[in-house]
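# Architecture and fold: a report
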Amino acid sequence: MKALDWINILKENVASEDLEDETLYALLNYLIDLGLIVPSQNDSLFWRGLVNDLKMEEKIPVMKTDLLGASQTELGFALPFFIRLETIKLPTLESLIGAEEKKARSKTIPKPERASDLSNLQIVKKVGRQLEPFLKAESTIVSRLIGEHTTKDDARRLFNYMFGKMGSKAQPRKWEQLSRKRHR
């Protein structure tokens, strides 16, 4: 079957319902990198271990079982965000980044200094420190997603979808005045 056929099969049977076509195409590349979908001659794709003689209704349970198994491997860490299976729980951001990265991240982030009059440069540095954990998480997860068929753009598209599914928000901060300068 062609890539478009696989995207339709994934959309109808196993993929989350809110996935857009571009994200589904990136997911298809990720499944190829995982070895679940295998490319063959003339741009055809087939599911690893499935015989073409089976009807689609017989193929879907095998595909779901394979996806469930792959989601529990280190390479398939992102699958729970994209497939709709009752037995899969979404991992947290900390579990995706890994223990070593979490330790390094907690050591490198300094506490913000108290200042009442911040210049533009200080404001930029402060915002940069606040965004640093997100940027490190993005680079770590994107680098884990990139493969032979999954490009950097595909990996970013997958990460953006994953991050939206996590629903993790930062804890609200206490309001602090940035500047006491009077505007004249």
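Structural data are supplied above this passage.
Keep in mind that this is a model prediction, so the values were computed, not measured.

This brings us to helix 2 (residues 21-34). With 14 residues, helix 2 extends 20 Å from end C-alpha to end C-alpha; this agrees with the ideal 20 Å at 1.5 Å per step. Turning to helix 2, its buried residues are Thr 23, Leu 24, Ala 26, Leu 27, Leu 28, Asn 29, Tyr 30, Leu 31, Ile 32 and Leu 34.

A word on the side chain of Thr 23. One can find Thr 23 in helix 2. The residues touching Thr 23, leaving out its near neighbours within four places in the chain, are Phe 82, Arg 157, Leu 158 and Tyr 161.

At a closest axis distance of 9 Å, the pairing of helix 7 (residues 120-145) and helix 8 (residues 152-166) adopts a crossing angle of 125°. Overall, the two elements helix 7 and helix 8 adopt an arrangement that is oblique. For the pair helix 7 and helix 8, the sense of crossing is right-handed. Residues Phe 134, Ala 137, Glu 138, Ile 141, Val 142 and Leu 145 of helix 7 touch helix 8, and the partners they reach there are Lys 152, Ala 155, Arg 156, Leu 158, Phe 159, Met 162 and Phe 163. Here the residues of the contact of helix 7 with helix 8 sort into 10 nonpolar, no polar and 3 charged.

One finds Leu 27, Tyr 30, Leu 31, Leu 79, Phe 82, Leu 145 and Met 162 to be the most contacted residues of the largest nonpolar core, which totals 39 residues. Put simply, the parts of the chain that give this core at least two residues each are helix 1 (3-13), helix 2, strand 2 (45-47), helix 3 (56-71), helix 4 (79-82), helix 7 and helix 8. Ranked by residue count, the leading element in this core is helix 2, at 8 residues. Residues contacting Tyr 30, with those up to four places away along its chain left out, are Leu 75, Gly 76, Phe 77, Ala 78, Leu 79, Leu 145, Thr 150 and Leu 158.

What counts and how
Residues numbered from 1 in each chain as written. Predicted model: local features only at pLDDT ≥ 70, side-chain atom pairs only at ≥ 80, totals over all residues. Heavy atoms only, no water. Helix = DSSP H or I, 4+ residues; strand = E, 2+ residues; numbered from the N terminus. Expected span 1.5 Å × (residues − 1). Buried < 20%, exposed > 50% of the residue type's maximum accessible area, 1.4 Å probe, protein only. Contact = heavy atoms within 4.5 Å. Axes fitted to C-alpha atoms, helices over the stretch in contact; angles between N-to-C directions. Parallel < 35°, antiparallel > 145°, perpendicular 65-115°, else oblique. Left-handed = near helix turned anticlockwise from the far one by under 90°. Nonpolar A, V, L, I, M, F, W, Y, C, P; charged D, E, K, R; others polar. Core = buried A, V, L, I, M, F, W, Y, C linked by side-chain atoms within 4.5 Å.

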